[in-house]
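# Examining the three-dimensional arrangement
Single-letter residue listing:
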Amino acid sequence: MAVTLFQRRNLVGDSALISSDQDDLRDIPLGRNPLSMNMTNTNDAVLLYERRDWRGGVMYRRGMQTINDLGAASIASARVTPFHINLNVTVVTQSDGSVPGTAANFNAVSTTVNNVVGLANTFYANQHALLIANVAHITQRVHDNKFNLSMAEAASFPAAWKNAREIDCILVNSFDAGLLGLGKLPWWGKVVVVAMRNTGASGTQRTTEQIAKTLAHEIGHFLGSPHADGATNIMRQGSFDIATRTASVAQIEEWQRALSRNLTRRRNRREA
């Protein structure tokens, strides 16, 4: 990690190497409101916040670069390690015992969920997004009408399926409308929905890599990102393998800005 903040523009004045999280820049010799920055490692990534405790407006930068003028906004805290977001996963099953996709039972689906989240985390790490997703809960919910979702059924979900301190993720068998996932921005219904199958109740089983792409895509919507046209972008529509996806600096900054406004998060958000 080689992120250096400077007191004045053009890398002039007192400086401080940021190698760990700084919840209040007044605690280091540089003081608050640095005006320029140097990053000398291609794997560097940093979040700069207008307020202490990693809140307020967010500036995200990654890679090797020099920024001679950080702009007029004050900078009060900095972050170089990932924030954790917790997922409250609901697996919708039918009263006849059917589970989403071709899995044999709920335990097999749970294994797939953990593998999917692991692939999403590999994507976040490869993109230096400073995010880690944790599976906080996996709960089986029996609901025949929401196993294969129509658009009408996708409009709302029972309150008992949601947790205000987590991102609620609903795993279904399929969408009747031919969708692969749903999570309109911003904070649509406070849930993201992911299908295990392609179009229709008997559609083909999707690969773990494809499901992981959909999960990261829908979390992107949840955190405010619209669809994107870039050939490899995570917010491009389609059933892609997550290993081929990328995220832009602007998108990651958008996700982190949304998280910084979430007042249900605790100080470091690891326990939220």
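Structure: above.
One structure accompanies this document, and this report is about it. Since we're looking at a predicted model, the values are computed, not measured.

Let us now look at the environment of M39. Checked against the element boundaries, M39 lands in strand β3 (residues 36–39). Of the residues examined, M39 reaches a relative accessible area of 1% and is grouped as buried. Residues M39 and M64 lie 25 residues apart in sequence; the distance between their C-alpha atoms is 5.0 Å. Residues contacting M39, with those up to four places away along its chain left out, are A2, V3, D44, A45, V46, R61, R62, G63, M64 and Q65.

Before going further, it helps to spend a moment on unusual backbone geometry. With phi around 60°, L11 is a residue other than glycine that occupies positive phi space. Looking at where L11 falls in the secondary structure, it is placed in the loop between β1 (3–8) and β2 (12–18). Even without being a glycine, W54 presents a positive backbone phi close to 55°. The residue W54 is located in the loop between β4 (45–51) and β5 (55–62) in this model.

Attention shifts here to the packing of aromatic side chains. Taken as a whole and assessed by the stated rule, the structure comprises four aromatic pairs. Ring centres of W54 and F83 lie 6.1 Å apart, and the angle between their planes is 70°; on these two criteria the pair is classed as edge-to-face. Taken together, the residues span a long stretch of sequence, with W54 in the loop between β4 and β5 and F83 in strand β8 (residues 83–93) at a distance of 29 residues. Relative accessible area serves as the criterion here: at 0%, F83 is assigned to the buried category. Between the NZ or CZ atom of R245 and the centre of the ring of F240, over which it lies, the distance is 4.0 Å.

Once that is clear, we can look at the sheet that holds strand β13 (residues 181–182). Sheet architecture is open: five strands sit in the order β9-β8-β11-β14-β13, paired in mixed fashion. Strands with a single pairing partner mark the edges of an open sheet, and in this sheet they are β9 (131–142) and β13. Across five bridges, β8 lies against strand β11 (residues 167–172) in parallel orientation. Looking across to β11, one finds that V91 is bridged to L171. Lying on the sheet, helix α2 (residues 208–222) is in contact with β8, β11, β13 and β14 (191–195); it crosses β14 at an angle near 160°.

What counts and what doesn't
- Residues numbered from 1 in each chain as written.
- Predicted model: local features only at pLDDT ≥ 70, side-chain atom pairs only at ≥ 80, totals over all residues.
- Heavy atoms only, no water.
- Helix = DSSP H or I, 4+ residues; strand = E, 2+ residues; numbered from the N terminus.
- Buried < 20%, exposed > 50% of the residue type's maximum accessible area, 1.4 Å probe, protein only.
- Contact = heavy atoms within 4.5 Å.
- Phe/Tyr/Trp six-rings, centres within 6.5 Å; stacked < 30°, edge-to-face > 60°.
- Lys NZ or Arg CZ within 6 Å of the ring centre and 35° of its normal.
- Pairing = 2+ DSSP bridges.
- Axes fitted to C-alpha atoms, helices over the stretch in contact; angles between N-to-C directions.

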